[in-house]
Amino acid sequence: MNPFDLTEDQRAIQEMAQKFTADAITPFAAAWDEQHIFPRDTIKAAAELGFGAIYVSEESGGIGLGRLEAALIMEAMAYGCPATSAFISIHNMAAWMIDCFGSDDLKARYLPSLVGMDKIASYCLTEPGSGSDAAALKTAARRDGDHYVVTGTKQFISGAGENEVYVVMVRTGDAGAKGISCLVIDKDMPGVSFGAQERKLGWHAQPTAQLILEEARVPVANRVGAEGDGFKFAMAGLDGGRLNIGACSLGGAQRCLDEALRYTQERKQFGKAIADFQNTQFTLADMATDLEAARALLYLAAAKVSANAPDKTKFAAMAKRLATDSGSAIVDRALQLHGGYGYLMDYPIERFWRDLRVHSILEGTNQVMRMIIGRELLK
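Keep in mind that this is a model prediction, so the values were computed, not measured.

Chemist: I'm lost on the packing of helix H7 (residues 230–266) against helix H8 (residues 278–306) in this one. Help?
Modeler: In a pair of packed helices, the angle between the axes and the distance between the axes together describe the arrangement. Two numbers describe how H7 lies on H8: the axes approach to 10 Å, and their chain directions differ by 155°. Classified by the interaxial angle, the pair formed by H7 and H8 is roughly antiparallel. Crossing hand, H7 versus H8: left-handed. For the pair H7 and H8, the contacting residues are Asp239, Leu243, Gly246, Ala247, Leu250, Ala253, Gln254, Leu257, Ala260, Leu261 and Thr264 in the first and Thr280, Leu284, Met287, Ala288, Leu291, Ala294, Arg295, Leu298, Ala301, Ala302 and Val305 in the second. Across the contact of H7 with H8, the residue classes tally to 16 nonpolar, four polar and two charged.

Chemist: Sorry if this is basic, but what is going on with the layout of surface pockets here?
Modeler: Space left empty within the atom packing is revealed by a probe, the size of a water molecule, rolled over the atoms. Approximately 1,200 Å³ is the volume attributed to the largest pocket. Thr126, Ile361, Leu362, Glu363 and Gly364 are, among the 43 residues lining the largest pocket, the residues nearest its centre. Mapped onto the lining of the largest pocket, the elements with two or more residues apiece are helix H5 (82–101), strand E3 (147–158), H7, helix H9 (312–338), helix H10 (349–357) and helix H11 (366–377). Among the elements that line the lining of the largest pocket, the one with the most residues is H7, at seven residues. Tallied by class, the residues present in the lining of the largest pocket amount to 21 nonpolar, ten polar and twelve charged.

Chemist: Can you help me understand unusual backbone geometry in this one?
Modeler: Across residues other than glycine, the phi torsion is negative in most instances, and most of the peptide bonds are trans. At His36, a position not held by glycine, the phi torsion is positive, near 55°. With respect to the helices, strands and loops of the structure, His36 is situated in the loop between helix H2 (29–35) and helix H3 (40–48). In this model, Glu215 sits at a positive phi of 50°, which is unusual for a non-glycine residue. Inspection of the secondary structure assignment puts Glu215 in strand E7 (residues 208–219). Given the relative accessible area of 56%, Glu215 is considered exposed.

Chemist: Would you take a moment to explain the pattern of salt bridges for this structure?
Modeler: When the charged atoms of two side chains with opposite charge come close together, those side chains can pair. Enumeration according to the criterion identifies 21 salt bridges in this entry. Among the salt bridges present, the one from Asp325 reaches Arg370, with a minimum N-O distance of 3.5 Å. One end of the pair, Asp325, is in helix H9; the other, Arg370, is in helix H11, with 45 residues separating them in the sequence. When its relative accessible area of 27% is taken as the criterion, Asp325 is described as partly exposed. On the basis of relative accessibility, which here comes to 43%, the residue Arg370 falls in the partly exposed class. Among the salt bridges present, the one from Glu350 reaches Arg354, with a minimum N-O distance of 2.8 Å. One end of the pair, Glu350, and the other, Arg354, are both in helix H10, four residues apart, so they sit about a helical turn from each other. We note that Glu350, like Arg354, is buried. The network of salt bridges with common partners includes Asp33, Glu350 and Arg354.

Definitions and limits used
Residues numbered from 1 in each chain as written. Predicted model: local features only at pLDDT ≥ 70, side-chain atom pairs only at ≥ 80, totals over all residues. Heavy atoms only, no water. Axes fitted to C-alpha atoms, helices over the stretch in contact; angles between N-to-C directions. Helix = DSSP H or I, 4+ residues; strand = E, 2+ residues; numbered from the N terminus. Parallel < 35°, antiparallel > 145°, perpendicular 65-115°, else oblique. Left-handed = near helix turned anticlockwise from the far one by under 90°. Contact = heavy atoms within 4.5 Å. Nonpolar A, V, L, I, M, F, W, Y, C, P; charged D, E, K, R; others polar. 1 Å grid on protein atoms, 1.4 Å probe; cavity = no way out; pocket = protein on both sides within 12 Å on 5 of 7 lines; lining within 4 Å. Points joined across faces, edges and corners; volume = space filled by probe spheres on them. Buried < 20%, exposed > 50% of the residue type's maximum accessible area, 1.4 Å probe, protein only. Salt bridge = Lys/Arg side-chain N within 4 Å of Asp/Glu carboxyl O.

Structure (structure tokens):
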């Protein structure tokens, strides 16, 4: 087998995701964005293909695929709508954490409904006062018999107010990473509420708000793993999350490159198609080259995360940094090639420009990615 090519099974998965996107996402994504519609029915339809539990084990009802297969799915869906693809990625990360680190009882109670996305899960790490410095989180969980009493606020939570399940990092011990634990919290538990929906530049097709916990009583049985292991679980989840958000940038960039190729061959100025000008061809060539370079690194990093390679975290950070920066730059150049029309909502480019901008911020900013890479290089 050519190690630089996809297997037949991987191509089949990719083609299935591409067909689903063409049928169920791309024709509707502009309206979702403009009208701020959360397409829950479409997300449920994606789960019927197994996309709600991509790397949840088959024993737990998932389809048990690797991180490269997950990246192929996310890339394909982001071709239609990066916001929807990223939303499904976040659910997958939360479901995987329960499957990988949760007790048999916790898995039995939550995974059956999460696998089919009858219930949807959010990942809750960031707080108003702790973004990049995630280990400084202050949401407190005090033990009271067979419950924790949880108080604090989580910020920028995708699905907040809409989703039913929240995988939440809380402080059960001393300051720092070792004092953090992970709890699964239900939307309808007493003491759980949500802030107003955030008014965002992009990602209009998914809800984002604060998760507010005011002495919420959460059973000890809802703890994922042991006390003090939460930060470790959160970081393990982010390796895969970074790959997926990078893949979403690849999908969005590929869409905008395709749109630019089409537009520049149709648009005529000075008596010929603007694609006939060497300057345009150079721009398109750079866009395509940058996209393929980012894709190659991301696929390599995905293979390393699947294999649990010792350098998986470094490569996941590298891939996320390159794919999200390159993706945004490619979309920006596609907009420029469209001229004034690229700035209009009648064309899809401006939506991708807005949606991809946040990818270099979430799942760890690209500045933090550089910190991780530098630290790993200097070990």
